[in-house]
Amino acid sequence: MSLITLYHNPRCSKSRETLKLLESEGVTPTIVKYLETPLSADTLRVLKQQLGVTSFRDMMRTKEADYKAANLGDASVEETQLLDAMVNNPKLIERPIAVKGEKAVIGRPPENVLVLVQ
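Residues numbered from 1 in each chain as written. Predicted model: local features only at pLDDT ≥ 70, side-chain atom pairs only at ≥ 80, totals over all residues. Heavy atoms only, no water.

A. Highlighting helix α2 (residues 41-51). Listed in full, the buried residues belonging to α2 are L44, L47, K48, Q50 and L51. End-on view of α2: buried residues confined to an arc of 165 degrees, all on one side of the axis. Exposed and oriented more than 90 degrees from the buried face of α2 are D42 and Q49. Taken together, the buried residues of α2 touch β1 (4-8), α4 (79-88), β3 (97-100) and β4 (103-106). (Buried < 20%, exposed > 50% of the residue type's maximum accessible area, 1.4 Å probe, protein only. Helix = DSSP H or I, 4+ residues; strand = E, 2+ residues; numbered from the N terminus. Arc of directions from axis to C-beta. Contact = heavy atoms within 4.5 Å.)

B. Broad picture of α4. For α4, every residue scored as buried is listed here: L82, L83, A85 and M86. Axial view of α4: buried residues confined to an arc of 160 degrees, hence all on one face. Exposed and facing more than 90 degrees away from the buried side of α4 are T80 and N88. Residues of α4 that are buried sit in contact with α2.

C. Inspection of the nonpolar core at higher detail. Counting 22 residues, the largest nonpolar core has L44, L47, M59, M60, L72, M86 and I97 as its most contacted members. Elements represented by at least two residues in this core include exactly α2, α4, β3 and β4. At four residues, the largest contribution of residues to this core is made by α4. Residues contacting M86, with those up to four places away along its chain left out, are L44, F56, M59, M60, L92 and I93. By size, the runner-up hydrophobic cluster in this structure holds ten residues, among which are L6, L21, A98 and L116. (Core = buried A, V, L, I, M, F, W, Y, C linked by side-chain atoms within 4.5 Å.)

D. Region of the structure containing the pattern of salt bridges. Going through the model one piece at a time under the given rule, you end up with eight salt bridges. Of the charged contacts in the structure, one is a salt bridge between E79 and K48, with a shortest N-O distance of 3.7 Å. In this pair, E79 sits in helix α4 while K48 sits in helix α2, placing the two residues 31 residues apart along the sequence. One salt bridge connects R61 with E64, and the closest N-O pair in it is separated by 3.2 Å. Pair check on accessibility: R61 and E64 agree, each one buried. Taken together, the shared-partner salt bridges connect R61, E64, D66, K91, E94 and R108 into one network. (Salt bridge = Lys/Arg side-chain N within 4 Å of Asp/Glu carboxyl O.)

Following this line, the structure appears as structure tokens:
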């Protein structure tokens with residue numbers, strides 16, 4: 001059983017780089033392909049807390065066409081709406097996210113995950 005879980009999209013170069021970096025450090029993470037197995041609202045709430053971010057927007061792909069099309073960057077969009085958007089459209093979730101214990105980091109750049117290896 002791995003101590004690190006990686007929310008991973010194998011089609012994403014940064015996600016692949018992060019996985020390769022972890023493996024080069026001797027870590028074989030538990031992989032969650034979140035596009036195939038979408039994350040629940042509860043899981044996303046926990047990830048938000050583990051990441052230490054104040055808004056769900058901080059864990060979203062804000063340059064994604066679907067983000068812009070849904071006008072999610074508008075300041076009037078509520079946190080519940082952002083959460084619902086990620087539940088219903090998982091490609092809006094920033095990737096990759098690595099989790100160890102109660103701490104999570106977004107692997108952008110991939111070297112961010114090294115704090116979990118030490």
